Amino acid sequence: MKKNTALFCMLALAAMGFSCSETLQRKYDRRHGITSDSDDYRSDSDRYDRRTPTSTSVYRKDYDRIADENSRGVGSTGSGDADYNRRLVDQYTDMDKTGELVLYELDALESRWNVLLSEYRTARSSGKEVIATELDKISADQILLYKAYTNIYRNGKNNWAAVKREVENTLRSVRRATER
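1. Some points on the overall build of the protein
For step 1, the next point in the chain: In terms of helices and strands, the protein carries five helices and two strands.
For step 2, the next point in the chain: Reading the helices (α) and strands (β) of the protein from amino to carboxyl end gives α-β-β-α-α-α-α.
For step 3, the next point in the chain: Each of the 180 residues in the protein was classed as buried or not, and the buried ones make up 22%.
For step 4, the next point in the chain: Counting every atom, the protein has about 13300 Å² of accessible surface; 55% of that belongs to carbon and sulfur.

Given below as structure tokens:
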């Protein structure tokens, strides 16, 4: 009984998976203007698997449809794409500059940490407590900067304005802490 139920469930999942992949393939084809020679006489439900092309089913781009979309402005490859690409390159350049600022601050903190560590080695016990507190603050600031740096490249692609604002606020807070 359990074997029959498991077999039935597996067959149902396989059928749904095949149906979903076929639907996704049709949507992809429509979106990108790809048709096959056999689309004219076959309905959507009885298409063969198009991942293995045959002599009767060969992919070709539907250039008439693409030309119509371009004339209407949908999916055009004109100046809109060039502007988008230019803005994207500018955004990535800005992300890199901000990332370099974070790395610069990390280097400055590391230098300060090394100086304090050498002072800690030669300090008396009362001075060691103060220096240890400063070293802990520097370590915490370093962690904040590492998180800000990863945030730039992890989330900056999707919402650069918000990420840039967060990173700049982090940089300001770390700089204030080191100026004291």
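2. Comments concerning helix α4 (residues 125–155)
For step 1, the next point in the chain: Given a rise of 1.5 Å per residue, 31 residues ought to cover 45 Å, and the 44 Å separating the end C-alpha atoms of α4 matches this to within 8%.
For step 2, the next point in the chain: Restricting attention to buried positions, one finds in α4 the residues I131, L135, I138, D141, Q142, L145, A148, N151 and I152.

3. Observations concerning the confidence of the model for the protein
For step 1, the next point in the chain: Residue-level pLDDT values for the protein average 78, and 64% of them are 70 or greater.
For step 2, the next point in the chain: Every residue in residues 39–52 is under pLDDT 50, and counting partners more than four places away or in other chains gives 15 contacts.

4. Some thoughts on the packing of aromatic side chains
For step 1, the next point in the chain: Scanning all chains against the criterion turns up one aromatic pair.
For step 2, the next point in the chain: Between Y149 and Y153, the ring centres sit 5.4 Å apart and the planes meet at 65 degrees, which makes this aromatic pair edge-to-face. Remark: Y153 and Y149 occur in helix α4; sequence separation between them is four residues, near one turn of the helix.
For step 3, the next point in the chain: Judged by relative accessible area, which is 26%, Y149 ranks as partly exposed.
For step 4, the next point in the chain: Here K128 stacks its cationic end above the ring of Y120, 5.2 Å away from the centre of that ring.

5. Details of the pattern of salt bridges
For step 1, the next point in the chain: With the rule as written, the count across this model stands at five salt bridges.
For step 2, the next point in the chain: Note that D90 and R86 form a salt bridge whose closest N and O atoms lie 3.4 Å from each other. Highlighted residues: D90 and R86, both in helix α3 (residues 79–122), separated by four residues, approximately one helical turn.
For step 3, the next point in the chain: Exposure remark for D90: the relative accessible area of 41% places this residue in the partly exposed category.
For step 4, the next point in the chain: Using a relative accessible area of 46% as the deciding quantity, one classes R86 as partly exposed.
For step 5, the next point in the chain: Residue K137 is joined to E134 by a salt bridge in which the shortest nitrogen-to-oxygen separation is 3.9 Å. Taken together, the positions of K137 and E134, both in helix α4 and three residues apart, correspond to about one turn of that helix.
For step 6, the next point in the chain: On the accessibility criterion, K137 (46% relative accessible area) is partly exposed.
For step 7, the next point in the chain: Taking relative accessible area as the criterion, E134 reaches 25% and is therefore assigned partly exposed.

6. Describing the nonpolar core
For step 1, the next point in the chain: By size, the foremost hydrophobic cluster in this structure holds 16 residues, and its most contacted members are V102, L145, I152 and V167.
For step 2, the next point in the chain: Top element by residues in this core is α4. It accounts for six residues.
For step 3, the next point in the chain: Among residues more than four places away in sequence, those in contact with V102 are L145, Y149, I152, V167 and L171.

7. A closer look at the environment of I138
For step 1, the next point in the chain: Here I138 shows up in helix α4.
For step 2, the next point in the chain: Overall, I138 belongs to the buried group, its relative accessible area being 4%.
For step 3, the next point in the chain: Each C-alpha atom of the pair I138 and R112 lies 8.2 Å from the other, and the pair is 26 residues apart in sequence.
For step 4, the next point in the chain: Those residues in contact with I138 that lie beyond four places of it in its chain are L109, R112, W113 and L116.

Conventions used here
Residues numbered from 1 in each chain as written. Predicted model: local features only at pLDDT ≥ 70, side-chain atom pairs only at ≥ 80, totals over all residues. Heavy atoms only, no water. Helix = DSSP H or I, 4+ residues; strand = E, 2+ residues; numbered from the N terminus. Buried < 20%, exposed > 50% of the residue type's maximum accessible area, 1.4 Å probe, protein only. Areas by Shrake-Rupley, 256 points an atom, 1.4 Å probe, with all protein chains shown as cover. Expected span 1.5 Å × (residues − 1). pLDDT = per-residue confidence, 0-100. Contact = heavy atoms within 4.5 Å. Phe/Tyr/Trp six-rings, centres within 6.5 Å; stacked < 30°, edge-to-face > 60°. Lys NZ or Arg CZ within 6 Å of the ring centre and 35° of its normal. Salt bridge = Lys/Arg side-chain N within 4 Å of Asp/Glu carboxyl O. Core = buried A, V, L, I, M, F, W, Y, C linked by side-chain atoms within 4.5 Å.

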